[in-house]
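This is what each chain is made of:
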Amino acid sequence: MDEPNQFLPRAGLQTLIDRLNHAFDRCLGPVVLDGIVQMRPLSRVEQLPAGHHDHQAPGSYRMTRDDGTRQFDWANGPQALKPLLFTPEEPLWRVDRDDTGRLAFTPHNPMRQRTAVIGARACDLAALRLQDQHFLHGEHPDPYYGARRDGLFLVAVDCSHPTDTCFCASSGDGPGCGDGADIVLTELDDGFLLRGTSDPGRAMAASLGLAAATTAQRQAGRERIVAAAAQQRALPDADLSAVLFARQDHPQWARIADRCLACGNCTAVCPTCFCHRSQEDPVLGGSHSEHLRLWDSCFSPGHAYLHGAHLRESIRDRYRQWLTHKFGGWVTQYGRSGCTGCGRCISWCPVGIDVTAELAALTEATK
Amino acid sequence: MTMANPYLPLSARVLERIQESPTLFTLRLELTDPKAQAAYAFAPGQFNMLYLHGVGEVAISIVSDPTEGQVIDHTIRAVGRVTHGLAKLRAGDHLGLRGPFGRGWPMGQAQGRDLVIVTGGLGCAPVVSAIEYVLRRRDDHGRVNIVQGVKHADDFIWRDRYDRWAAHPRTKVLIAADVGTPLWPWHVGLVTELFDQLAFDPKHATIMMCGPEGMMRAVARDMLAMDVPDRDIWLSMERNMHCATGHCGHCQLGPRFVCKDGPVFSYDEIAELLQVKGL
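Residues numbered from 1 in each chain as written. Chains lettered and ligands numbered in written order. Predicted model: local features only at pLDDT ≥ 70, side-chain atom pairs only at ≥ 80, totals over all residues. Heavy atoms only, no water.

**Focus: the overall build of chain A**
Note the following rule: Secondary structure counts use DSSP, requiring at least four H or I residues in a row for a helix and at least two E residues in a row for a strand, with both numbered from the N terminus. Contact definition: two residues touch when any of their heavy atoms are within 4.5 Å. The charge count treats Lys and Arg as positive and Asp and Glu as negative. His and the chain ends do not count. The location of each charge is read from NZ of Lys, CZ of Arg, CG of Asp or CD of Glu.
What chain A contains, in helices and strands, is 13 helices and 16 strands. In terms of principal-axis extent, the alpha carbons of chain A reach across some 65 × 65 × 35 Å. If you take every contact in chain A between residues at least 6 apart in sequence, the share linking residues at least 24 apart comes to 71%. Across chain A, the 37 positively charged side chains and the 43 negatively charged ones have centroids separated by 1 Å.

If you want it as structure tokens, here you go:
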């Protein structure tokens, strides 16, 4: 927020899109497709969802449209940055077997597509920082994630339209954008506050030749973010990690399991869930095989397979694994909760399980 | 940025296949690239990911002596898709190998101390490397107690190896089977029933164990009752593993990644987690 703000008139947004398409292999941005906000190739400002608003609730996502001109008056779609870097399915390497049975392993080069994205949210940036920690900052950095992360340029937009399922103010991750973007926009009625927040972002911002924002414009931007922080939903005020690990036998787990379908929607839309499995794709003749990785979920039966048995056989055990990991295990592993308050797991749960309500039940003083 | 690819196996060859019991076999491997074989080094208690062509990978602990750099031994029980396939490999066959991975046994802490090594079921494999390491440096350690329990007397393998270990000075080998046979010369019952025969100073000992979690809980309980500090009790844990790099999430035990934080843990690190079913 300390970066100097410039003012980008709404008519100037096309110039920014053009610059990004020129400077990068592709530019993605939010478009409404199949009734949801999706990140798709963006070349024309008219593709942006002007006047579209999302209405999310437990188990529900609906979009409406009015004649408004604001292009970012929505909270989020089911996915944002995660699938761009940690892809849902990816071949890691190939192995060839010759006639003598010798094996030769060849890594697949990760697609080094340099991607610019317009429209990432504060919750998405927070999730990106966590995924970076997970995939890049350990003993074995992931070269596939790393190659795409290197080529990523982010134009994030402060959230002015949190929906009913949002709780980023409570998780501490929004609605104003934290670190990780290259440029941050705050949408006003007639344009955007724009600030470069990285060296490439500042260079891009400087190339646009914009005027400094006025005091009134900056004030309007601050008010938008303050207003967006007034959210209905919140995490319980408790040491969730300590509570969850101490209450592994709480009866609430069984009550959640009565509703949970173990479908894995929550883990698929969660911007920080990182579980994946490996899979072989051999050709029939056996001369070669592709080694793939695919998104997996701790709700899938095979996730905790060991020696012919499933260690987390019941849905109770799997839901407990998910929630305890997200709000407890992450704290030990990465220094903070794995939840960034985006609310996707609430909206996209087919039976409308609300993590904030379940956490409240689990943290109540009496069991 | 250019990064090493931690997911890419190296090509390896089976030098020898040894049938240890009806379901248990040992693959003696070498990397096909001599330079890679020369550079390969591991610590007792670490594991490799073995890749069977067209089928997939599985995490297997290394049983050979870390100072015998020319061969890498894995003792494997055929239970799943990959291990049943690995069981069919013969000398000269090829497979893939990634590793070593994980944190092994506390060989540094164990120096100068008495040792109690307790294994259960067919779970002896993860400590074999540590036993060989210790017995090669016999003077660096105090009294050594090796306790092996099996469900049925017929499951007992490596009798020669236990005889060889027992021949070392200040080394005691104790064997138990839950179910004995007419000529079974050792104890019939639980390993914990042999603990009054152990020769060790609980205040100056390192305990290493692997095997079924129920057995490890019972051993830890008895060791704590004998005033062994929880930080001196070490366990090798098993969970589902796909990546071995801490990325895939399958091996989590509470907040721990068994593949990179373990597989060897001190009891104080995981005591609470071991009490919870379904983790």
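Still to come is the rest of the account.
**Things to note about unusual backbone geometry**
Omega for the peptide link from A:Gly174 to A:Pro175 comes to 5°, which places this bond in the cis form. Tracing the backbone through its elements, the reader meets A:Pro175 in the loop between α5 (168-171) and β10 (183-187). B:Pro263 follows B:Gly262 through a cis peptide bond whose omega is 10°. The backbone of B:Trp158 shows a phi angle near 65°, a positive value even though the residue is not glycine. Within the secondary structure, B:Trp158 sits in the loop between β8 (144-152) and α5 (159-166). Residues other than glycine seldom take positive phi values, yet B:Ala244 does so here, at roughly 70°.

**A short note on the nonpolar core**
Nonpolar side chains tend toward joint burial in soluble globular proteins. The following threshold applies: Nonpolar core, defined: a set of buried Ala, Val, Leu, Ile, Met, Phe, Trp, Tyr and Cys residues in which side-chain atoms within 4.5 Å join the residues together. Burial classification: accessible surface area is computed with a 1.4 Å probe over protein chains only, and a residue below 20% of its type maximum counts as buried, one above 50% as exposed, and the rest as partly exposed.
B:Val118, B:Met223 and B:Met237 are the most contacted members of the largest nonpolar core, which has 66 residues in total. Top element by residues in this core is helix α3 (residues 122-136) of chain A. It accounts for 6 residues.

**Concerning the domain arrangement of chain B**
Residue and element names in this part refer to chain B. Counted only if it meets this: Where each domain starts and ends follows an automatic or database-derived domain assignment. By definition, a salt bridge exists where a carboxyl oxygen of Asp or Glu is found within 4 Å of a side-chain nitrogen of Lys or Arg. Any pair of N or O atoms that falls within 3.5 Å is considered a polar contact. Within protein, one atom must be able to donate a hydrogen and the other to accept it, and sequence-neighbouring residues count only if both atoms are side-chain atoms. Basically, the charged four are Asp, Glu, Lys and Arg, the nonpolar ten are Ala, Val, Leu, Ile, Met, Phe, Trp, Tyr, Cys and Pro, and anything else, Gly included, counts as polar.
Each domain of chain B was delimited in the assignment, giving domain 1 (10-101) and domain 2 (107-274). Centre-to-centre, using C-alpha coordinates, domain 1 lies 22 Å away from domain 2. On the domain 2 side, the residues contacting the 24 residues of domain 1 number 21 residues. Between domain 1 and domain 2 we count 2 salt bridges in total. For Asp 65, the salt bridge is made with Arg 136, and the minimal N-O distance between the two is 2.4 Å. Counting the contacts that link domain 1 with domain 2 gives 6 residue pairs in polar contact (both at pLDDT 80 or more). Of all the elements in the fold, those that place two or more residues in the side of domain 1 that touches domain 2 are β2 (24-31), β3 (47-52), β4 (56-61), β5 (72-77) and β6 (94-101). No other element matches β4, which puts 3 residues into the side of domain 1 that touches domain 2. For the side of domain 1 that touches domain 2, the class distribution of residues is 10 nonpolar, 8 polar and 6 charged.

**Thoughts on the environment of B:Cys259**
All names here are of chain B. Within the secondary structure, Cys 259 sits in the loop between β14 (256-257) and β15 (264-266). Cys 259 sits 125 residues away from Val 134 along the chain, and the two C-alpha atoms are 24 Å apart. Those residues in contact with Cys 259 that lie beyond four places of it in its chain are Phe 47, Phe 101, Gly 102, Met 241, Ala 244, Thr 245, Gly 246 and Cys 251.

**Some remarks on the domain arrangement of chain A**
Residue and element names in this part refer to chain A. Test applied: Buried area adds together the accessible area that both of two parts lose upon being put together, with accessible area traced by a 1.4 Å probe.
Per the domain assignment, the segments making up chain A are domain 1 (6-228) and domain 2 (240-363). Computed over C-alpha atoms, the centres of domain 1 and domain 2 are 25 Å apart. In this assembly, 45 residues from domain 1 lie in contact with 39 residues from domain 2. Carbon and sulfur atoms supply 55% of the area buried between domain 1 and domain 2, which totals about 3,600 Å² over both sides. If you sort the residues of domain 1 by the area they bury against domain 2, Lys 82, Leu 130 and Phe 167 come out on top, with a joint share of 18%. For the interface between domain 1 and domain 2, the tally reads 4 salt bridges. For the salt bridge of Arg 293 with Asp 142, the shortest nitrogen-to-oxygen distance reads 2.7 Å. Joining domain 1 to domain 2, the criterion identifies 31 residue pairs in polar contact (both at pLDDT 80 or more). At the level of secondary structure, the elements contributing two or more residues to the side of domain 1 that touches domain 2 comprise β4 (52-57), β5 (60-65), α2 (82-85), β6 (89-97), α3, α4 (143-150) and α5. Looking at side-chain class alone, the side of domain 1 that touches domain 2 contains 23 nonpolar, 13 polar and 9 charged residues.

**Describing the pattern of salt bridges**
Counted according to the given criterion, the structure contains 32 salt bridges over all chains. Residue B:Arg239 pairs with B:Glu213 through a salt bridge whose shortest N-O separation is 2.7 Å. Placement of the pair is B:Arg239 in the loop between β12 (233-236) and β13 (252-253) and B:Glu213 in helix α6 (residues 213-225), with a sequence separation of 26 residues. Salt-bridge contacts for B:Asp222 lead to B:Arg221; the nearest nitrogen and oxygen are separated by 3.0 Å. Here B:Arg221 falls in the exposed class, since its relative accessible area comes to 52%. Beyond isolated ion pairs, a larger network of salt bridges with shared partners links A:Arg70, A:Asp73, A:Asp189 and A:Arg224.

**Structural notes on the interface of chain B and chain A**
Across the boundary between the two partners, chain B contributes 44 residues, which contact 54 residues of chain A. When chain B packs against chain A, the two sides together hide about 4,000 Å² of surface, and 58% of this comes from carbon and sulfur. Between chain B and chain A we count 0 salt bridges in total. The tally of links between chain B and chain A comes to 20 residue pairs in polar contact (both at pLDDT 80 or more). Secondary-structure elements contributing two or more residues to the side of chain B that touches chain A are β1 (10-19), β4, β6 and β14 of chain B. A per-class count over the side of chain B that touches chain A returns 19 nonpolar, 18 polar and 7 charged.

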